[in-house]
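Architecture at a glance
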Amino acid sequence: MTRSAVLGKDLTGLEPLDADQLRLILDTAEPFKEVSERPIKKVPALRGKTIVNLFFEASTRTRISFEFAEKRLSADTVNVAASGSSVSKGETLVDTARNLEAMRIDMVVIRHGASGAAQFLGDRIRSNVVNAGDGKHEHPTQGLLDLLTLRDRFGKLAGLKVAICGDVLHSRVARSNIWGLTKLGAEVGVCGPPTLLPRDVRELGVTVLPRIEDAIAWADALNILRLQLERMQAGFIPSLREYNRVFGVSRERLARAPKDLLIMHPGPMNRGVEIDSDVADGEHSVILPQVTNGVAVRMAVLYLLAGGSPDWHHPGGDHA
Amino acid sequence: MPTRTPVLDDRAIGRALARMASELVERCGGTEDVVLVGIQRRGVELAARIRGLIEQSSGARLGFGKLDITLYRDDLQAIGPRPVIGETSLPDLDGKTVVIVDDVLFTGRTVRAALDECADFGRPRRVLLCVLVDRGGRELPIQADIVGGSVTAGPRDRVDVLVSELDGRDAVELVRAD
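For the structure given in this document, a descriptive report is provided here. All residue numbers here refer to positions counted from 1 along the written sequence of the relevant chain. Written order determines the labels here, with chains lettered from A and ligands numbered from 1. Selection of residues for local features in this predicted model requires a pLDDT of at least 70, selection of side-chain atom pairs for listing and counting requires 80 or more, and totals for whole chains, interfaces and linings are taken over all residues. Side-chain measures were taken over the full set of non-hydrogen atoms in the model, leaving aside hydrogen atoms and water.

**Quick word on the overall build of chain A**
Working definition: helices are DSSP H or I runs of at least four residues, strands are E runs of at least two. Numbering for both runs from the N terminus. When you go through chain A residue by residue, the secondary structure sums to 12 helices and 9 strands. Taken against the 2.2 N^0.38 rule, which gives 20 Å for 320 residues, the C-alpha radius of gyration of chain A at 20 Å falls within 12% of a compact globule. For chain A, the spread of C-alpha atoms along the principal axes amounts to about 60 × 50 × 40 Å. Every one of the 320 residues in chain A was classed for burial, and the buried ones make up 57%. The size measure is the radius of gyration over C-alpha atoms, and the globule rule it meets is 2.2 Å times the number of residues to the 0.38 power. The cut-offs for exposure are 20% and 50% of the maximum accessible area for each residue type, with area from a 1.4 Å probe on protein chains only; residues under the lower value are buried, those over the upper are exposed, and the others partly exposed.

Printed below as a string of structure tokens:
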């Protein structure tokens, strides 16, 4: 186990981090963007580290993004999916992780359906734990890549107005965004059907924007959340068509905005539900740059967590 | 209290850089296909100055790059991650004469890392090492080809190179451990 000088042992969410730590991760991500543009997209920083990607929920983008980040840092990686593993035979999370640790691993990247799973695991194993999404709690690296993308486009986050639109209630992406943005001085608005907004959302320091038109008039950037299609069966919304009619982000609606809005989406998109195709593919969309930045922030997080005990003034200093 | 003694002042640094620039052209057999690569951070400033001197006297344009070797260090565990990693930007190195420029040569580990990193960007025809100060204390079989000056420093001493671009003045100072 290593305990990072700057981040501690685990990254479970953005809530426990302060503004300096968030800025350090974003600043560290900058040079990692360039690594992915090199002819050999690889640096030896995490050579010899073994990282297990433990995914209890389906994920394509996040798992692949973590895997690229790990491989570009020269770590050795193993992917464990819950289906087809001993998890499906009833093994507990801690037993699974302890068995992996018995094979001498260094880090676990975990995606789990239960809120708090990453923290639970981090408290019980020696390896560094990175939360890749736990239930409705947090998805810190998604929050970080959203912060990085916003900072790239606007140059700063302080004073920026970001509206998070859609199913905020069930969204760990929304929570990580709210923590990260507010700590760095941005204003956050949330917009969605009342059934899909947490009842106490104002306590997080956000503005509630009841209609999508309000969000469009208010914000500098829209972060449009995926509407999980099973929400309709559960009765949170009457129909996908109605959702699109009332809350869908369309070109016509954006045309009435006082300024051009940056368009973000964590993916996977439901085109024609929460976002129309001409918005998703439009000139103000940064949905694909978000994905590119995802690899860079994950490299930064892994690199910072892997650093050993702090000794900034070791003999030789810069010239070692 | 550590004591701080000057090794080179701004004029001595100016003379050293001028001599290094002409020696570099001589060692490279001219300026064709030469790429100066400065190691972040003060190596970059020194490389830029040497390039300026050579371009002024020869009229030729030299290739130029910056290298941050942090991600190629062999001691991440020992020192913890560096707070912020500098920019790496290199031109095409294939078939070029690459001159790595750094401020101080000590253990040789930075140069080892720089050689590894350059190799991931291309295959130079030849690589030379150019440093302002050689302070001794090598831990690897690495020597400089072009040296501005030497100083004998103990393993716990520090040699600080100050450049006006970053530090407001030019100086090389030996900081003796107490």
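**Some words on helix H2 (residues 61-72) of chain A**
Residues and elements named next belong to chain A. Take the residue count of a helix, subtract one, and multiply by 1.5 Å to get its expected span. Under the 1.5 Å per step criterion, the end-to-end length of H2 is 16 Å for 12 residues, consistent within 8% with the ideal 16 Å. Buried residues in H2 make contact with strand S1 (50-55), strand S2 (76-81), strand S3 (107-112), strand S4 (128-134), helix H5 (140-154) and helix H12 (287-306). Backbone geometry just downstream of H2 places serine 74 in the positive-phi region, at approximately 70°. The contact criterion used is simple: two residues touch if any of their non-hydrogen atoms lie within 4.5 Å.

**Looking at the nonpolar core**
Among the nonpolar cores identified, the biggest contains 84 residues, and A:Phe32, A:Leu46, A:Leu144, A:Leu150, A:Tyr303 and B:Leu71 are the most heavily contacted of them. Take this core: its biggest share by element is 11 residues, from H12(A). Not counting residues up to four positions away in its chain, the partners in contact with A:Leu150 are A:Gly155, A:Leu157, A:Leu160, A:Val162, A:Leu181, A:Ala221, A:Leu262 and A:Met264. In this text, buried Ala, Val, Leu, Ile, Met, Phe, Trp, Tyr and Cys residues form a nonpolar core when linked through side-chain atoms within 4.5 Å.

**Remarks on helix H1 (residues 19-35) of chain A**
Residue and element names in this part refer to chain A. With 17 residues, H1 ought to run about 24 Å at 1.5 Å a step, and its terminal C-alpha atoms sit 25 Å apart, in line with that. Regarding H1, the residues found buried are Ala19, Gln21, Leu22, Leu24, Ile25, Leu26, Thr28, Ala29, Pro31, Phe32 and Val35. Contacts made by the buried residues of H1 are with H5, helix H6 (172-183) and H12. In protein, a polar contact requires one atom able to donate a hydrogen and another able to accept it; more generally it is a pair of N or O atoms within 3.5 Å, and residues adjacent in sequence count only if both atoms are side-chain atoms. Looking at where H1 begins, the residue whose side-chain oxygen comes 3.2 Å from the main-chain nitrogen of aspartate 20 is aspartate 18.

**Focus: the side chain of A:Asn270**
Residue and element names in this part refer to chain A. Along the polypeptide, asparagine 270 turns up in the loop between strand S9 (262-264) and helix H11 (277-280). What makes asparagine 270 buried here is its relative accessible area of 10%. At a separation of 3.5 Å, a polar atom in the side chain of asparagine 270 contacts the side chain of arginine 226. At 2.8 Å, the side chain of asparagine 270 forms a polar contact with the backbone oxygen of leucine 227. The residues contacting asparagine 270, other than those within four sequence positions of it, are Arg226, Leu227, Leu229 and Ile275.

**Remarks on the pairing of strand S6 (residues 187-191) of chain A**
All names here are of chain A. Of all 5 residues that make up S6, 4 are buried, and the element is covered over most of its length. Any two strands between which DSSP finds at least two bridges are classified as paired. With 5 bridges connecting them, strand S5 (residues 161-165) and S6 associate as parallel partners. Bridging across to S6, cysteine 165 finds its partner in cysteine 191. Between the parallel pair S5 and S6, the chain is carried across by H6, and the sense of this crossover is right-handed. With 2 bridges connecting them, S6 and strand S7 (residues 207-208) associate as parallel partners. What sits directly across from glycine 189, in S7, is threonine 207. Orienting the strands away from the viewer, one traces the path from the first strand over the helix to the second; a clockwise path indicates a right-handed crossover.

**A closer look at the sheet that holds strand S7 (residues 158-162) of chain B**
Residue and element names in this part refer to chain B. Across the sheet, which stays open at both edges, the 3 strands sit in the order S1-S8-S7 with antiparallel pairing between neighbours. Two strands lie at the open edges of the sheet, namely strand S1 (3-8) and S7, each paired on one side alone. Each adjacent strand pair in this sheet contributes to an overall mean axis angle of 25°, direction not counted. As paired strands, S7 and strand S8 (residues 171-176) are joined by 5 bridges and run antiparallel to one another. Bridge pairing links arginine 158 to valine 175 in S8. What counts as an axis is a line fitted to C-alpha atoms, over the stretch in contact for a helix, and the angles between N-to-C directions run from 0 to 180 degrees.

**Focus on the environment of A:Leu145**
Relative to the helices and strands, A:Leu145 is located in helix H5. Other than its neighbours up to four places away in sequence, A:Leu145 contacts A:Gln290, A:Asn293, A:Gly294, A:Val297 and A:Arg298.

**Some points on the sheet that holds strand S5 (residues 126-134) of chain B**
Whenever strands of a sheet pair, they do so through backbone hydrogen bonds, lying parallel or antiparallel. Residues and elements named next belong to chain B. Taken together, the 5 strands give an open sheet; going across it, the order is S3-S2-S4-S5-S6, and neighbouring strands pair in parallel fashion. The open sheet has two edge strands, strand S3 (63-67) and strand S6 (146-150), and neither has a second partner. Across the sheet, the mean angle separating the axes of adjacent strands is 20° when strand polarity is ignored. Sheet analysis places strand S4 (residues 97-105) next to S5, joined by 8 bridges and oriented parallel. Along S5, the bridge assignment pairs valine 104 with valine 133. Sitting on the sheet, helix H1 (residues 10-28) is in contact with strand S2 (34-39), S4, S5 and S6, with an inclination near 165° to S5. Its contacts with the sheet place helix H4 (residues 109-119) against S2, S3, S4 and S5, and it is angled at close to 155° to S4.

**Looking at the packing of aromatic side chains**
In this scheme Phe, Tyr and Trp rings, the latter by its six-membered ring, pair at centre separations within 6.5 Å, and the angle between planes marks the pair as stacked below 30 degrees, edge-to-face above 60, and tilted otherwise. Counting across every chain of the model gives 2 aromatic pairs over all chains. Between the aromatic rings of A:Phe32 and A:Tyr303, the centroid separation amounts to 5.6 Å while the plane-to-plane angle is 65°, which identifies the pairing as edge-to-face. With A:Phe32 in helix H1 and A:Tyr303 in helix H12, the pair connects residues that are 271 residues apart, well separated along the chain. The class for A:Tyr303 is buried, based on a relative accessible area of 1%. The criterion is that NZ of a Lys, or CZ of an Arg, lies within 6 Å of the ring centre and within 35 degrees of the ring normal, and then a charge sits over that ring. When the ring centre of B:Phe64 is taken as origin, the NZ or CZ atom of B:Arg51, which lies over that ring, is 4.5 Å away. In this arrangement the basic side chain of B:Arg135 is found over the ring face of B:Phe106, its NZ or CZ atom lying 3.7 Å from the centre.

**Here we look at the state of the cysteines**
Such a bond, covalent and formed between the sulfur atoms of two cysteines, is termed a disulfide. Defined by distance alone, a disulfide is two cysteine sulfur atoms within 2.5 Å. The final tally for this structure, using the stated rule, is 0 disulfides over all chains. Considering cysteine sulfurs only, A:Cys191 is the nearest to A:Cys165, which forms no disulfide, with 4.8 Å between them. Accessibility expressed as a relative area gives 3% for A:Cys165, which makes it buried. Free of any disulfide, B:Cys118 has its nearest neighbouring cysteine sulfur in B:Cys28, separated by 14 Å.

Purely geometric stuff here, so don't read any function into it on its own.
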